[in-house]
Amino acid sequence: MAAAGASSVPAPATTAAPAAPAVVAVAERAGGVGKRSHDRYATVKHLVAGGVAGAVSRTSVAPLERMKILFQIQLSEKPVYRGVVACLRTIGKEEGVMGFFKGNGTNVVRMVPYSAVQFAAYERYKKALVDENGRLTTPRRLLAGAMAGITSVGVTYPLDVIRTRLSAQDGARLLKYHGISHAFSTILKQDGVRALYGGLIATLLGVAPYVALNFTCYETLKLFTGEGHLERMNPATNDLVTSWKLLCGALAGAIAQTCTYPLDLVRRRMQMRGVEGFRYYHSTTDAFRTIMRVEGIAGFYKGMLPNYLKVMPSISISFVVYEWTKEQLAPL
């Protein structure tokens, strides 16, 4: 009996052994499902936070954005607006308070998906581009930003064209479109689908380095300003306090815009092709050559001052709102 009992002990072990790989496989699958679920939630969180950041930041600087576009598209031989104060006064006198926000509805409709995709794409590209040591070098950070910029532009460009045309209307000289849907249908009817992508090449050439510099400068400035300065840090989040984040965002926006502004101006000019009263450019190259010949180097920097006034607070608010929204969504 003892021998029989002894021989019966190994039996369960031999029958249980084949089950072990199955248990491991189930556990691995469960872990994989959990990771995918976490990744999906992280993407949704980044999309929501990016969308909120885009809407808040752009609405807060809408009057300056409108003014910048008016400066960019006016021709040297027929200037209508002369100076920041004069431009704001003219808009207020001819169009009232709502004139300062003309085109902002389209801008918000465009900026919510644009900013959402940009921030979420940047987070994904950063994660994919870390090296074997888990570090993100500056060149890889720049690449992640450039790819995020290209991705976001590809999703929302027609709305940017519509926003530009709506903003260009001043009520006194030109009133062709009566809203987003009317502008969309009118452009398609009169100018065709290509008009919705006018200036796309100039935009991609400008947005890729702009977004790359924006993210890289902001994150680098945050590290630089926070290193060795505990008084600038928030103990609760182990991150910079809001005032220093705003400063880093403002500097990052100014640096990025200074480097890429001529491309932004060419993009605006290309988006106005086919609109009465504006010069027609046959291509992005033609636009560069014509502006240089007719207006000189200064022509590429029209509206630079109102652009600084717009970009610096806009980028600051965008980064701060994005990070704050992410923190609020983290516990969910």
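Residues numbered from 1 in each chain as written. Predicted model: local features only at pLDDT ≥ 70, side-chain atom pairs only at ≥ 80, totals over all residues. Heavy atoms only, no water.

A. Geometry of the pattern of salt bridges. One pass over the full model with this rule turns up 18 salt bridges. Across the pair Glu-65 and Arg-268 runs a salt bridge whose closest N-O atoms are separated by 3.5 Å. Of the two residues, Glu-65 is situated in helix H4 (residues 62–73) and Arg-268 in helix H10 (residues 242–271); the sequence distance between them amounts to 203 residues. Side by side, Glu-65 and Arg-268 carry an identical accessibility label, which is buried. When salt bridges with common partners are traced through the structure, they connect Glu-65, Asp-160, Asp-264, Arg-267, Arg-268 and Lys-310 into a single cluster. (Salt bridge = Lys/Arg side-chain N within 4 Å of Asp/Glu carboxyl O. Helix = DSSP H or I, 4+ residues; strand = E, 2+ residues; numbered from the N terminus. Buried < 20%, exposed > 50% of the residue type's maximum accessible area, 1.4 Å probe, protein only.)

B. Region of interest: the nonpolar core. With 29 residues, the main nonpolar core has Tyr-114, Phe-119, Tyr-210, Val-211, Phe-215 and Phe-319 as its most contacted residues. Of all the elements in the fold, those that place two or more residues in this core are helix H3 (19–60), helix H6 (104–129), helix H7 (138–168), helix H9 (200–226), H10 and helix H12 (304–329). Core analysis: the next-biggest nonpolar cluster, separate from the first, contains 10 residues, Ala-202, Tyr-281, Ala-287 and Met-304 among them. (Core = buried A, V, L, I, M, F, W, Y, C linked by side-chain atoms within 4.5 Å.)

C. Highlighting unusual backbone geometry. With phi around 55°, Asn-238 is a residue other than glycine that occupies positive phi space. Mapped onto the secondary structure, Asn-238 falls in the loop between strand S1 (233–234) and strand S2 (239–240). Among the residues examined, Asn-238 registers a relative accessible area of 64% and is labelled exposed.

D. Region of the structure containing H4. Here H4 is 12 residues long and its end C-alpha atoms lie 17 Å apart, about the 16 Å a rise of 1.5 Å per residue gives. Summarising burial for H4: 10 of the 12 residues are buried, a large majority. Burial in H4 covers these residues: Ala-62, Glu-65, Arg-66, Met-67, Lys-68, Ile-69, Leu-70, Phe-71, Gln-72 and Ile-73. (Expected span 1.5 Å × (residues − 1).)

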